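Inside the fold
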Protein chains: 2
Amino acid sequence: MMSVDFAGWSSAHQSRFEDVLRGLLPQAEVMPQRLHQAMRYAVLDGGKRVRPLLAFAAGELVGAELGRVNIAAAAVELIHAYSLVHDDMPCMDDDVLRRGKPTCHVQYDEPTALLVGDSLQTLAFQLLAENTLNDDARHQLEMVKLLAQASGSRGMAGGQAIDLESVGRALSLPELENMHIHKTGALIRAAILLGAHCGTVTASQLNNLDHFGKCVGLAFQVVDDVLDAEADTATLGKTAGKDADNDKPTYVTLLGVQAARNMAGELHGEALSALDEFGDAAQRLRELADFIVLRKF
Amino acid sequence: MMSVDFAGWSSAHQSRFEDVLRGLLPQAEVMPQRLHQAMRYAVLDGGKRVRPLLAFAAGELVGAELGRVNIAAAAVELIHAYSLVHDDMPCMDDDVLRRGKPTCHVQYDEPTALLVGDSLQTLAFQLLAENTLNDDARHQLEMVKLLAQASGSRGMAGGQAIDLESVGRALSLPELENMHIHKTGALIRAAILLGAHCGTVTASQLNNLDHFGKCVGLAFQVVDDVLDAEADTATLGKTAGKDADNDKPTYVTLLGVQAARNMAGELHGEALSALDEFGDAAQRLRELADFIVLRKF
């Protein structure tokens, strides 16, 4: 797909991946129906699918079979989706709007949203175990381990715990970075590494991809903070200004908008440098880094 | 350990397993500390460890290495513990007492309890992926798959969804059985099968163990309903009579105490029959079946 431009490449993957998710999620008519309908509601028709796109770009880079990367990308996206459902619940961020739609607990109810999140997480690991993603089962176990480490108490969920503890407290820049490296960075890195693990990849390549993922993941969050501070609710598809309202520390509250933008730019440059060894083959990853830093929503 | 009696065998495993869990859970001083403390609070010092004991008995039956069964048993117990933490939350059963202690969200807070449950589930899969549990990695992936299927929307979480939908509604006996086969039965079966998968086991043995697990799992629930209807809060270590208060269908509300007891007895007999091919080697599993049906708490 290298002959098409980035917009064409990403929209083709996005629409194709939507069908992949439709097929992998439990069908709405399968018991328990309300839970399965709510799982589909929480995952389908929404989001930019940034993590899957990163997995597809990394997979293409190492010549991985698309059918395998589909599963890895879906596993990562289900973890992301579960975290959004639980994050939006009244006891967490108490958000009513997500991706321009009522959040899961608003559309269904709280107990269902709790089970939706729980079940989406389980499904992520189930997908990694019940499909062949690498000819060597040991590599596939490594993928399960990677996703679990990125998602758990020393990864994404741990980042959310640090976030909870930081509300109303003055965080230093290193503390804020530590929070985001866990909260959003870990899963973004996992998306790239899981995509790469579907193909043949050297330790040095994994290292560079990991560093790329780390920079892009952090840039993603910095840009998110800038957009949240600047955008209005309609453009964002979620309640804008929420972080400032909640007195949560962000890169913008800590650095101001301009310095936060500069920081995103530096991370962008560092991410691109990490791709040097790959030459032209890393074009899609470069374009994704551009997209993440330059996006307006 | 076959020379000791069942009480000695189970209490030795229970106390040894407590140390195993202490070592496998994130240490309390590791960041994020409050989350890790709450994870330890939710898992340690509590429960009869029925699922781990079943895993140990199945592991011994097939000559599995104890170090491997420890991990499999811990993974199952973490899934069980996560489900209790989420079940107890205000939006679900809103329970304040569990295993004689304040529930996780009471002791800590709701957002922390949500993340504790999420992180315990992740840790279960992480443990299955980052330890060697079988010389053949493909068998180990099968274990990940088994645990995920038992836990997800077509397993335990699905059973909870059916449970939610059944509140205040008249369920038939088959509907009630379907709920419990998912809600508690699936994980009990998984405990036995995961223990067995740590060793060398034939398809016929797995089949019989699975049938044993199915009967024992259902008997476990029937006995739970009887105990909940009869016991007082002090003996049970959780709020008694809760199910009847919530107008939830149980085997007792559907059949009455005596017929429920008879049903548990029949399931007990069927479970024992499934062990015939194993002869004396299945003694611990038989004793566990006895324990589950004859327990008073």
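Quick caveat, the model's predicted, so the values are computed rather than measured.

Along its length, chain A carries 15 helices and two strands. Against the compact-globule benchmark of 19 Å for 297 residues, chain A has a radius of gyration of 18 Å, which places it among compact chains. Along the first, second and third principal axes, the C-alpha atoms of chain A reach 50 × 50 × 35 Å. Scored against the burial criterion, the 297 residues of chain A give a buried share of 53%. The long-range share in chain A, meaning contacts at least 24 apart out of those at least 6 apart in sequence, stands at 70%.

Next up on the list: the relation of the copies chain A and chain B. The transform that puts chain A on chain B rotates by 180° and translates by 0.0 Å along the axis, for an RMSD of 0.0 Å. In the structure described here, the two chain copies are related by an operation that fits a two-fold rotation axis. The rotation axis passes nearest to the C-alpha of A:A137 in chain A, at a distance of 2.7 Å.

This part covers the packing of helix α14 (residues 257–273) of chain A against helix α15 (residues 283–294) of chain A. Residue and element names in this part refer to chain A. In the contact formed by α14 and α15, the axes pass within 10 Å of each other and the chain directions differ by 175°. Looking at the two axes, α14 sits roughly antiparallel to α15. Contact with α14, carried on its side by A264, H268, A271 and L272, involves R286, A289 and V293 of α15 and no other residues of that element.

A word on the nonpolar core. If you look at the biggest cluster of nonpolar residues, it comprises 190 residues, and the most contacted ones within it are A:L147, A:A219, B:L147 and B:A219. Those residues within four positions of A:L147 in sequence are excluded, and the remaining contacts are A:A75, A:V76, A:I79, A:A124, A:L128, A:A190 and A:L194.

In this section: unusual backbone geometry. The phi angle of most residues is negative, glycine excepted, and most peptide bonds adopt the trans form. Cis geometry marks the peptide bond from A:M31 to A:P32; its omega dihedral reads -10°. With respect to the element layout, A:P32 can be found in the loop between α1 (6–24) and α2 (33–43). Here the phi dihedral of B:R49 falls at roughly 55°; this positive angle occurs in a residue that is not glycine. With respect to the element layout, B:R49 can be found in the loop between α2 (33–43) and α3 (50–61). Its identity is not glycine, yet B:R99 carries a phi of approximately 55°, on the positive side. Here B:R99 shows up in the loop between β1 (97–98) and β2 (101–102).

Take the environment of A:A81 next. All names here are of chain A. Note that A81 resides in helix α4 (residues 66–87). Sequence separation of A81 and G46 is 35 residues, and the distance between their C-alpha atoms is 9.8 Å. Once residues lying within four places of it in the same chain are set aside, the contact partners of A81 are A42, V43 and L120.

Contacts between the two partners involve 42 residues from chain A, matched on the other side by 42 residues from chain B. Breaking the side of chain A that touches chain B down by element, the ones donating at least two residues are α2, α6 (110–130), α7 (137–151) and α8 (156–166) of chain A. Residue contributions to the side of chain A that touches chain B peak at 13 residues, all from α6(A). For the side of chain A that touches chain B, the per-class residue count stands at 21 nonpolar, 13 polar and eight charged.

The rules behind these values
Residues numbered from 1 in each chain as written. Chains lettered and ligands numbered in written order. Predicted model: local features only at pLDDT ≥ 70, side-chain atom pairs only at ≥ 80, totals over all residues. Helix = DSSP H or I, 4+ residues; strand = E, 2+ residues; numbered from the N terminus. Rg over C-alpha atoms; globule rule 2.2 N^0.38 Å. Buried ≥ 20, exposed ≤ 12 C-beta atoms within 10 Å, placed from the backbone. Contact = placed C-beta atoms within 7 Å. Least-squares fit on C-alpha atoms with pLDDT ≥ 70 in both. Axes fitted to C-alpha atoms, helices over the stretch in contact; angles between N-to-C directions. Parallel < 35°, antiparallel > 145°, perpendicular 65-115°, else oblique. Core = buried A, V, L, I, M, F, W, Y, C linked by C-beta atoms within 7 Å. Nonpolar A, V, L, I, M, F, W, Y, C, P; charged D, E, K, R; others polar.

By themselves, these figures tell us nothing about what the structure is for.
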